[in-house]
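Take a look at the letters that make up each chain.
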Amino acid sequence: MLRNMPTAELMARADAVRRARHGNKTYYVHSHNLNPTNRCVAKCKLCSFWRPESAEDAYVTTLEDARRNLEKAQNWDLTDLHIVGGMIPELDLEYYETLFSLARELLPGVLLQGMTAVEIHWIAGNAGLSVRETLERLMAVGFGSISGGGAEIFHPDIRDKIAGQKISAQQWLDVHKTAHELGLPTNATMLFGHIEKDEHIIDHLSWLRTLQDETGGFQAAIPLPFQANGEALGIQYGPSGDRQVRVAAITRLYLDNFPHVRMLVNYMDRKLLGVLTHSGVDDIGGTSLDERVAKAAGAPQSQKFFSADEMEEFLVNHGHTPVLTNSVYEDLESDAPSEPIECGGAPTERRPPASAWKPILGRVEAGQRLSAEDAVLLHDTVPFHELGRVADLRRKQVVPGKLATYVFDKNLNTTNICTTGCSFCAFYADPGSGRGYALTPEQVVEVVKKAAAAGATQILIQGGLNPDLKLDYYEACLSGIRDHVDIWIHSLSPTEIEFLAQEEGITIRECIQRLKAAGLQSLPGGGAEILVDDVRERISPKKTRSQAWLDVMETAHDLGLKTTATMVYGFGETTAQRIEHLMKVRDLQDRTGGFTAFIPWSFSPSHTDLECPRIQNGVDYLRIIAMARLVLDNVPHLQAGWVTEGPDVAQLALQFGADDYGGVLMTEEVVSATGLEHGVTKEKVVNLIREAGWIPAQRTTQYDLIKVHAEK
Ligand code: SF4
């Protein structure tokens, strides 16, 4: 299963087990982290946290420091205090007894969880005591639960290579067994995504399952994605989204005797975490304030939660019933948890029976075309994994073989000055605002030359509707590129072409003919947002109407220019309006066959003037990707969108019907203006495609193959 089962199916099975155990409940804690020292005698190869004593940033927390740290946290309404750190002789059993007493005095009622089995075994040895005696002394001063750290991977072939200084697997398990016998609950981690193989993952889980059968003392299994920062173990990339989802799902399915599966937000991006909560994970860990270990390993800090309210909002957004608890899952909630809001379709318990949608999905699986009415029903009622399973099958019919493509391109915005002022746009500057810029044709050609020299095969030029930049400006840019750079010109949206034709007082056809004569070779599908005028009137009243957008594309197709089509969703449009958008693209494609690909992405409201009723999450995105594949049965390619969804969820789209990872882009300004900071390199894209089980292939804008990356 871990090796071969399609990801969407594995997610669905693990989600079913998770729902059988916890229904819609998803747990989280409000935790503060205290890492007493980053010096450590073990110096594990996998660890980016430890520092040599001589290092400038090496530190040891004195008990006075600890008191100040704990006093600072007294009004934070914490549920957990998490104490884990390096091992040095100075921090002995007495130190931890005093520290725990301090914590019990200053943070009464807060669960004191911490210390790994490795630390406990080491401190016991230094004190000349047994593990049992050491645990009894720590429990006497308030120790409430052992964190699951230090487990890494149990198999000696791997453990010796990544953490040879640490205690053996059996010693780690013995510490937890002793704790369980003393009534001390514990968690268990598994560090994956480094040098281990699938069989080492299952071997690790088997050890845990066996001990759990014996003691029942484990609370949660915590698969920990390895944070690769190029140093530790010399590994460049940690486990990708697809790998994280697969390992989390198999952990849920295989550890049938563990109550909880927890994944920690401070090790991944939030969109991926959201998808994981629908793939077997019932616990998203905690706020981990002041957490240093993952931070030192380069984990994305921008994704962390800084308050329990933020975590509750996140879970509600994903259709869950949030349950604030602590790491031994005590019922702490005074008031009833907030009601989940619909997460891409009706919540599980309010969905019509499968009998309502199974026949429709069966017909689609058999190759029949979806009607708008059926598409709305599927979008709103079918579990997204199931949509993904069928969309993945359809993808394999439409784009047979094992290749997943990407293009090495450059995005270039000629100007941010724009007269249209769309409420969802964080990129534009009003004319005369002093914030605007406009590149000269010479500057444009120089930027494109550099991109081509770096390996880009496609240039995507777009920008604001700037009344100072007329058609001849764009003709100068395009012809300058055509005459001086060997690169494909995939540029200008229907909105820009409509604007240039109006400014010039010519027809759309004449405008496209002049741009084509200057070097334009294809059009990106920007400016489509939702092709329904009721929505456009609300979000961009001054922008191209739906039919005008389609007419520009039809004219381009008629003039022999291929184009792509896009969709931006999450403006509060209805499902019927989303499907209407897809149907309009499909209808035009039936007539012209001019669309090479479809690219959906979610609206990011930050730094824009538009409120959105609900932030679109990773589950919503995978649902839209699958729906696009099922509805657009005549558009060959479906592109994933890492810019808005992040590299990991975009990778998962390759398991939900997408066959293309899109562009490397090199730079991107429009979405980045909303604060999203994702970035990929060509090497990372190749790695992501390969980790998703596809063969990476670089393509041209027209989807001809440039290079197939040999299997590793
Ligand atoms: S989306 Fe485009 S047309 Fe609308 S304001 Fe932004 S740059 Fe201008």
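Residues numbered from 1 in each chain as written. Predicted model: local features only at pLDDT ≥ 70, side-chain atom pairs only at ≥ 80, totals over all residues. Heavy atoms only, no water.

### Considerations on the site of the ligand
Worth spelling out the cut-off: A single heavy atom is enough: if one lies within 4 Å of a molecule or strand, its residue is considered near that molecule or strand. Gly falls in the polar group here, along with every residue not listed as nonpolar (Ala, Val, Leu, Ile, Met, Phe, Trp, Tyr, Cys, Pro) or charged (Asp, Glu, Lys, Arg).
Around the ligand, the structure places Cys418, Thr420, Gly421, Cys422, Phe424, Cys425, Tyr428, Gly464 and Lys543. A breakdown of the residues in the shell around the ligand according to their chemical character gives five nonpolar, three polar and one charged.

### Some thoughts on unusual backbone geometry
Counted only if it meets this: Counting from the N terminus, the helices are the DSSP runs of H or I reaching at least four residues and the strands are the DSSP runs of E reaching at least two.
In the Ramachandran plot, Asp77 falls in the positive-phi region, its phi being about 50° despite a non-glycine side chain. With respect to the helices and strands, the residue Asp77 is situated in the loop between helix H2 (63-72) and strand S3 (80-83). Not every positive phi belongs to a glycine, and Glu529 is a case in point at roughly 35°. Along the chain, Glu529 falls in the loop between strand S15 (522-523) and helix H20 (533-539).

### Quick word on the domain arrangement of the protein chain
Convention followed: Each domain's extent is set by a domain assignment, obtained either automatically or from a database. Residue contacts are counted whenever heavy atoms from the two residues lie within 4.5 Å of one another. Defined here as a combined quantity, buried area equals the accessible surface (1.4 Å probe) lost by two parts on assembly, summed across both. The term salt bridge refers to a pairing of a side-chain nitrogen on Lys or Arg with a carboxyl oxygen on Asp or Glu at a separation within 4 Å.
We note that the domain assignment places domain 1 (11-324) and domain 2 (372-708) within the protein chain. Here the C-alpha centre of domain 2 lies 41 Å away from the C-alpha centre of domain 1. With 18 residues of domain 1 at the contact, the number on the domain 2 side is 26 residues. Counting the surface lost from both domain 1 and domain 2, the interface buries some 1800 Å², and carbon and sulfur atoms represent 57% of this. The largest share of the area that domain 1 buries against domain 2 comes from Tyr237, Asp242 and Lys271, three residues that together contribute 36% of it. Taken together, the links from domain 1 to domain 2 amount to one salt bridge. Notably, a salt bridge pairs Glu645 with Lys271, separated by 2.7 Å at the nearest N-O pair.

### Some details on the packing of helix H18 (residues 494-504) against helix H21 (residues 546-558)
Our working definition: For every element, the axis is a line fit to its C-alpha atoms; helices are fit only across the contacting stretch, and the angle between N-to-C directions ranges from 0 to 180 degrees. What sets the label is the angle itself: under 35 degrees gives roughly parallel, over 145 gives roughly antiparallel, 65 to 115 gives roughly perpendicular, and the rest give oblique.
Across the interface, H18 lies against H21 with an axial gap of 9 Å and an inter-helix angle of 90°. As the angle between them shows, H18 and H21 are arranged roughly perpendicular. Seen from H18, the contacting residues are Pro494, Ile497 and Glu498; seen from H21, they are Ala548, Trp549, Val552 and Met553.

### Overview of helix H25 (residues 682-691)
One turn of an α-helix holds 3.6 residues; hence residues three or four places apart share an orientation. Rule in force here: Burial here depends on accessible area, computed with a 1.4 Å probe over protein chains only, as a share of the maximum for the residue type. Under 20% is buried, over 50% is exposed, and the range in between is partly exposed.
Here H25 has its buried residues at Val685, Val686, Asn687, Leu688 and Ile689. In this structure, the buried side of H25 is in contact with strand S11 (403-407), helix H24 (642-653), strand S19 (660-663) and strand S20 (695-699).

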